[in-house]
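Residues per chain, in single letters:
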Amino acid sequence: STRDDDATFSPQRSDSPGGFGSDDDAPQQTNNAEKVAELKKLSMARLKEMLKERDEKTGGKKEELISRLLKPRKPELLILRARRKEYVPKVPSSNAAIMVALLLNHIPGTQGLTKER
């Protein structure tokens, strides 16, 4: 499953302007560099496949594709709705946040809420 692949490439976030902070972030910088190196080894077709599974744009140069894969993954609910060709709010937005909150509070076996209700 490629879902495992996606989890492997989760980004390291930092509040510092350059994307990396003090010396305490050195392991994160190394970790991120390793992820980039691993992604660079993959073919364009494989990178596009991984992006498609994440409901991300698949066009552009290899560096752009890698950059998209290093960004945080969209909430799974929004990816599933896009695959079903249902309404998907833009991320980040309050509509996306509300939709994810509804999913987290959904009681299995009930219909739940739709965009129309």
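Below: a short report on this structure. Note that the structure is a prediction, hence the values are computed from the model and not measured. (Residues numbered from 1 in each chain as written. Predicted model: local features only at pLDDT ≥ 70, side-chain atom pairs only at ≥ 80, totals over all residues. Heavy atoms only, no water.)

### Side note on the overall build of the protein chain
Link 1 in the chain: Summing up its helical and strand segments, the protein chain has six helices and zero strands in all.
Link 2 in the chain: Order of helices (α) and strands (β) in the protein chain, N terminus to C terminus: α-α-α-α-α-α.
Link 3 in the chain: A buried classification covers 21% of the 117 residues belonging to the protein chain.
Link 4 in the chain: In the protein chain, the proportion of contacts linking residues at least 24 apart, taken out of those at least 6 apart, comes to 35%. (Helix = DSSP H or I, 4+ residues; strand = E, 2+ residues; numbered from the N terminus. Buried < 20%, exposed > 50% of the residue type's maximum accessible area, 1.4 Å probe, protein only. Contact = heavy atoms within 4.5 Å.)

### What about the nonpolar core?
Link 1 in the chain: L39, L47, M50, L51, L65, I66, L69 and L70 together form the largest nonpolar core, which totals eight residues.
Link 2 in the chain: For this core, the secondary-structure elements that each account for two or more residues are α3 (44-53) and α4 (62-70).
Link 3 in the chain: In terms of residue count, the dominant contributor to this core is α4 (four residues). (Core = buried A, V, L, I, M, F, W, Y, C linked by side-chain atoms within 4.5 Å.)

### Quick look at the pattern of salt bridges
Link 1 in the chain: Counting across every chain of the model gives five salt bridges.
Link 2 in the chain: D55 is the salt-bridge partner of K74, the closest N and O atoms lying 3.3 Å from each other. Here the residue K74 occupies a position in the loop between α4 and α5 (76-83), and D55 occupies one in the loop between α3 and α4, the gap between them amounting to 19 residues.
Link 3 in the chain: For R81, the salt bridge is made with E86, and the minimal N-O distance between the two is 3.3 Å.
Link 4 in the chain: For R81, a relative accessible area of 15% puts it in the buried group.
Link 5 in the chain: Classification of E86 as partly exposed rests on a relative accessible area of 35%.
Link 6 in the chain: Residues joined in a network through salt bridges with shared partners are R81, R84 and E86. (Salt bridge = Lys/Arg side-chain N within 4 Å of Asp/Glu carboxyl O.)

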